[in-house]
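Results of the structural survey
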Amino acid sequence: MTLTIRPLHKLFAAELSGVALSGHMTPAELAEIKAALAQYAVCAVGHDRPLSNEDHIAFSALLGPIERGQILKVSGSPDEMRIAHHEIIDQSNMDETGEIYADDDRRLAFKRANRLWHTDMSFHQNRATWSLLSAHMVPPDGAPTEFSDMRAVYDALPDDMKTRIDGLEAEHSYWHSRVLGGGPEPTDEERASRPPARHKLAHTHEPSGRKALYIASHATHIVGWPEDEGRDLLLELMEFATRPEFVYSHDWRVGEVVIWDNLCTIHRATEFDDRQYRRDMRRTTCREHAV
Ligand SMILES: [Fe+2]
């Protein structure tokens, strides 16, 4: 394997070529990919055709402990899955039969909230490290995904802000961002399936050794602060973090897998006509510790 790296943005993000993702990588090949991820944080890897679910899962498991099992319970939804692999999170706009969701489907309402800036699984104590999103079907207008590099954001923060947030913790809740994004109020059963978690606002991103801001739309408030004051600080930081100079917008091609580091980036889906076009995106997620 000869890995070629082409930067896609002046601060982060790169395209990797000369590699096909699978479970059959040598430790040296894997180390090269991990080094690219540590530096660029968002890496796109193209393939001639969509990666098989098996290769997608096998490669993800080489990167770290991966999420297995459906832990989100959406009330009233069937147990059947469109993709019969518990490691794959179905990020499509299709139901278990492959039909586009009915407009009033709760799963669609919750998924639309992914159009808010977020970092995957910050609502778990055991955070997500890498997400690997594989494009199987892309709508005609592309529906790009936008990313921001939270290391560059942290570096650019004024010194008094760095001092102000030092040591602070935020609480993160999945349901907070769902409602904020226009989703329905969660049921008690849904709430119980995903309780909130607390994390430092700024932390060291171990793969790069750089400091990064760790917040986004799952963050509800600052621990120990009055709610409105905490919300104001989070809004101010998010406004800063999503300035155009920090943002890379990725246009998808079928067969592409984009790997991003959730501990130093935030992202959001963009709008498309999800009642007319199918968008088949499949995600695996690595975690800090085995689940
Ligand atoms: Fe996401």
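First, a word on what this report is: a plain description of the structure on this page.

About the cut-offs
- Residues numbered from 1 in each chain as written.
- Predicted model: local features only at pLDDT ≥ 70, side-chain atom pairs only at ≥ 80, totals over all residues.
- Helix = DSSP H or I, 4+ residues; strand = E, 2+ residues; numbered from the N terminus.
- Rg over C-alpha atoms; globule rule 2.2 N^0.38 Å.
- Buried ≥ 20, exposed ≤ 12 C-beta atoms within 10 Å, placed from the backbone.
- Contact = placed C-beta atoms within 7 Å.
- Pairing = 2+ DSSP bridges.
- Expected span 1.5 Å × (residues − 1).
- Arc of directions from axis to C-beta.
- Axes fitted to C-alpha atoms, helices over the stretch in contact; angles between N-to-C directions.
- Core = buried A, V, L, I, M, F, W, Y, C linked by C-beta atoms within 7 Å.

1. Quick look at the overall build of the chain
Scanning the chain from terminus to terminus reveals 8 helices and 15 strands. Here the C-alpha atoms of the chain give a radius of gyration of 18 Å, agreeing with the 19 Å that 2.2 N^0.38 yields for 291 residues. Judged by the C-alpha coordinates and their principal axes, the chain covers about 50 × 45 × 35 Å. Within the chain, the fraction of its 291 residues that count as buried is 37%. In the chain, the share of contacts with a sequence separation of at least 24, taken over all contacts with a separation of at least 6, comes to 82%.

2. Details of unusual backbone geometry
The phi angle at Ala13 is positive, at roughly 75°, despite the residue not being glycine. Looking at the element boundaries, Ala13 is found in the loop between strand 1 (4–7) and strand 2 (14–17). The buried category is assigned to Ala13, around which 23 C-beta atoms lie within 10 Å. Non-glycine residue Ala41 carries a positive phi angle of around 70°.

3. Comments concerning the pairing of strand 1
Bridging between strand 1 and strand 2 involves 4 bridges; their strand directions are antiparallel. Note that in strand 2 the partner of Arg6 across the bridge is Glu15. Counting the residues in the hairpin turn of strand 1 and strand 2 gives 6 residues, including Ala13, whose phi is positive at 75°.

4. Overview of helix 1 (residues 27–40)
An ideal rise of 1.5 Å per residue puts 20 Å on 14 residues; helix 1 measures up with 20 Å between its terminal C-alpha atoms. Within helix 1 the residues assigned to the buried category are Ile33, Leu37 and Tyr40. Buried positions in helix 1, seen along its axis, are confined to an arc of 85° and lie on one side of it. Facing away from the buried side of helix 1 by more than 90 degrees, the exposed set consists of Pro27, Ala28 and Ala31. Close packing links the buried residues of helix 1 with strand 2, strand 3 (42–45), strand 5 (128–137) and strand 13 (257–261). Positive phi shows up at Ala41, right after helix 1, with a value of about 70°.

5. Section: the environment of Ala128
Structurally, Ala128 is set in strand 5. Under the C-beta neighbour-count criterion, Ala128 is labelled buried, with 23 such atoms within 10 Å. C-alpha of Ala128 to C-alpha of Glu67: the two residues are 61 residues apart in sequence and 8.7 Å apart in space. Excluding anything up to four places from it in sequence, Ala128 contacts Asp120, Met121, Asn262, Thr285, Cys286 and Arg287.

6. A short note on the sheet that holds strand 3
If you walk across this open sheet you meet the 7 strands as 1-2-3-13-5-15-4, and the pairing is mixed. On the outer flanks of this sheet lie strand 1 and strand 4 (89–90), each paired with one strand and no other. By the bridge criterion, 5 bridges tie strand 5 to strand 13 in an arrangement that is antiparallel. Each bridged residue has a counterpart across the sheet, and for Leu133 the counterpart in strand 13 is Val258. Here helix 2 (residues 53–63) sits on the sheet in contact with strand 5 and strand 15 (280–287), set at roughly 25° to strand 15.

7. Comments concerning the nonpolar core
Within the largest apolar cluster, 60 residues are counted, with the highest numbers of intra-cluster contacts made by Val42, Cys43, Met150 and Leu213. Top contributing element to this core by residue count: strand 5, with 5 residues. When near neighbours in sequence (up to four residues on either side) are disregarded, Leu213 contacts Met150, Val153, Tyr154, Leu201, Ala202, Leu237 and Ala241.

8. Quick look at helix 8 (residues 227–241)
Its 15 residues place the ends of helix 8 21 Å apart at the C-alpha level, agreeing with the 21 Å of an ideal helix rising 1.5 Å per residue. For helix 8, every residue scored as buried is listed here: Leu233, Leu237 and Ala241. All buried residues of helix 8 lie within an arc of 75° about the axis, which places them on one face of the element. Away from its buried face by more than 90 degrees, helix 8 exposes Glu227, Asp228, Leu235, Glu236 and Glu239.

9. Quick notes on the pairing of strand 15
A regular strand places its side chains on the two faces of the sheet in alternate fashion. In terms of burial, strand 15 is a largely internal element, 7 of the 8 residues being buried. Bridge count between strand 4 and strand 15: 2 bridges; the pairing is antiparallel. The residue of strand 15 that forms the bridge with Asp90 is Arg282. Sheet topology places strand 5 next to strand 15; 7 bridges connect them, and they run antiparallel. Looking at strand 15, one finds that Leu133 is bridged to Arg283.

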